[in-house]
Amino acid sequence: MSYPRVEVDLNKLKHNVKTIVSRCNEKDIKVAGVTKGFCGDPKIAKVYVDGGVSFLADSRVENLKKLRNIDIPKILLRLPMLSEVEYVVQYADISLNSEIETIKALSKQALEFNKVHKIILMVDLGDLREGYFKEEEIYDAIEKIIKLEGVKLEGIGTNLTCHGGIIPRKDNTIRLIEIKQKVKENYNIDLEIISGGNSSSLHLVFNGEMPEGINQLRLGESLILGRETAFGGKIKDTFNDIFTLVVEAIELKEKPSIPIGEIGMDAFGNKPIFVDRGIRKRMISAIGKQDIDLENITPIDKDIIIIGGSSDHLILDVTDSKIDYSVGDKIRFKLDYGGILSTTTSEYVKTVYI
Ligand SMILES: *Cc1c(COP(=O)(O)O)cnc(C)c1O
């Protein structure tokens, strides 16, 4: 069964990766290619590596496990669960951390496996997701980490824009460099990695405002969608149509725009609202809300209107299209980040590489 499918243009992806990686490398910043947007698909991750990323990174250990045969350092992005440290040490070389209890568990597990697991301590610069908010707590944690075996304090990092929408600027990002210097002065440790943020920090690289010393960015959305995410701008010389959803038409009929009878709740418990456009040519295609949120897709045929859908059906109005569609035709959609995530997660949507 090959529909619905997501087509992934690996050549365009490689171009995006090369373009963005080289602009980061020029500023002495290494890129960790973030694979969680496409569930750690190894074939796509391999293109990241061919395009020049220095690390692969994902928030889920299951995805890192899929990447185990690609020989490059791997980073776990989400703070480890205590219940998964065994797999974290097995499949990640580095993890982002903010709890000493978890770091102790990683240390114990790494010793058992005769490995050294690297730690990046997360600093909360105001976005209020993960990380140490009070600076003295960072130094407190460092004093404990240096006494542990099996783990190495590899660096510090931050994550912005994800929860609080805080925009990465020179003045907040530079705090990482100040902390790095204090760690050098107080503990004589040269932190290897200063991980400055995600795709929302790229604008600082492009406009020359990234503080010197930030030497890693963890990039997902910018690589797969060619988007800088602090302001949503398109990145020069990149593609935004790497992932395309293709679905198949299973019914085409002329019907009124408003259902006949008393309107109650739809399949999801909401009371639907309809716009009366008269009698319209409607298409049902074989994909549904189990696979995709309708807000995450845009028909490439601009004359198609998305009317709605249920778990397994997508209803389109094709009346205005210049194409006279028939049953069996394939309809193509652009996907946003959420759309790429959910279609690559759905076991009912096949991934095809072109
Ligand atoms: C998801 C994630 C990233 C990548 O974010 P993009 O906006 O896709 O670049 C980086 N760091 C952490 C901690 C993440 O969870």
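Residues numbered from 1 in each chain as written. Predicted model: local features only at pLDDT ≥ 70, side-chain atom pairs only at ≥ 80, totals over all residues. Heavy atoms only, no water.

(A) Representation of the overall build of the chain. Assigned secondary structure in the chain consists of 10 helices and 18 strands. Its C-alpha atoms give the chain principal-axis dimensions of roughly 75 × 40 × 40 Å. For the chain, buried positions account for 50% of its 354 residues. Within the chain, residue pairs in contact and separated by at least 24 positions form 64% of the contacts whose partners lie at least 6 positions apart. Carbon and sulfur atoms make up 49% of the accessible area of the chain, which totals about 17100 Å². When the 49 basic and 54 acidic side-chain charges of the chain are each reduced to a single mean position, those positions are 3 Å apart. (Helix = DSSP H or I, 4+ residues; strand = E, 2+ residues; numbered from the N terminus. Buried < 20%, exposed > 50% of the residue type's maximum accessible area, 1.4 Å probe, protein only. Contact = heavy atoms within 4.5 Å. Areas by Shrake-Rupley, 256 points an atom, 1.4 Å probe, with all protein chains shown as cover. Lys, Arg positive; Asp, Glu negative; His and termini not counted. Charge placed at Lys NZ, Arg CZ, Asp CG, Glu CD.)

(B) Representation of the nonpolar core in the model. Ranked by internal contacts, the top residues of the largest apolar core, which has 87 residues, are Tyr-48, Leu-121, Ile-142, Phe-243 and Leu-245. For this core, the element with the highest residue contribution is helix 1 (residues 10–25), accounting for six residues. Mapping this core onto the domain boundaries places at least three of its residues in each of domain 1 (10–225) and domain 2 (243–353). Among all residues touching Leu-121, those that are not within four sequence positions of it are Asn-97, Ile-103, Tyr-132, Ile-138, Ala-141, Ile-142, Ile-145, Leu-153, Gly-155, Ile-156 and Gly-157. Within the second largest apolar cluster, 11 residues are counted, among which are Ala-32, Phe-55, Leu-96 and Met-122. (Core = buried A, V, L, I, M, F, W, Y, C linked by side-chain atoms within 4.5 Å. Domains from an automatic or database assignment.)

(C) Spatial organisation of unusual backbone geometry. A cis geometry characterises the amide bond from Tyr-3 onward to Pro-4, with omega recorded as -5°. With respect to the helices, strands and loops of the structure, Pro-4 is situated in the segment before strand 1 (5–8). Even without glycine at this site, Cys-39 takes up a positive phi of about 55°. Here Cys-39 lies in the loop between strand 2 (30–34) and helix 2 (42–50). Taking the relative accessible area as the measure of exposure, Cys-39 reaches 13% and is therefore buried. Look at Asn-114: it is not a glycine, yet its phi comes out positive at around 60°. Inspection of the secondary structure puts Asn-114 in the loop between helix 5 (100–113) and strand 6 (117–122). Under the relative-accessibility criterion, Asn-114 is labelled exposed at 73%.

(D) Examining the UniProt feature "domain: Alanine racemase N-terminal" (unreviewed entry) in the chain more closely. Per the UniProt annotation, the sites labelled "domain: Alanine racemase N-terminal" (unreviewed entry) are residues 8–224. Counted over residues 8–224, helix gives 41% and strand 17%. Its end C-alpha atoms are 10 Å apart. (UniProt positions renumbered as here; feature names shortened; annotations may be inferred.)

(E) Structural context of the site of the ligand. By nearness alone, 13 residues border the ligand, and Lys-36, Ser-199, Arg-218, Gly-220 and Glu-221 come closest of all. One of the side-chain nitrogen or oxygen atoms of Lys-36 is found 2.7 Å away from an oxygen atom of the ligand. In the environment of the ligand, an oxygen atom lies 2.9 Å from a nitrogen or oxygen atom belonging to the backbone of Gly-220. Taking 390 Å² as the accessible area of the ligand by itself, protein coverage stands at 93%. Among the residues making up the shell around the ligand, the classes are represented as four nonpolar, four polar and five charged. (Near = heavy atom within 4 Å. Polar contact = N/O pair within 3.5 Å; in protein donor to acceptor, adjacent residues only side chain to side chain. Nonpolar A, V, L, I, M, F, W, Y, C, P; charged D, E, K, R; others polar.)

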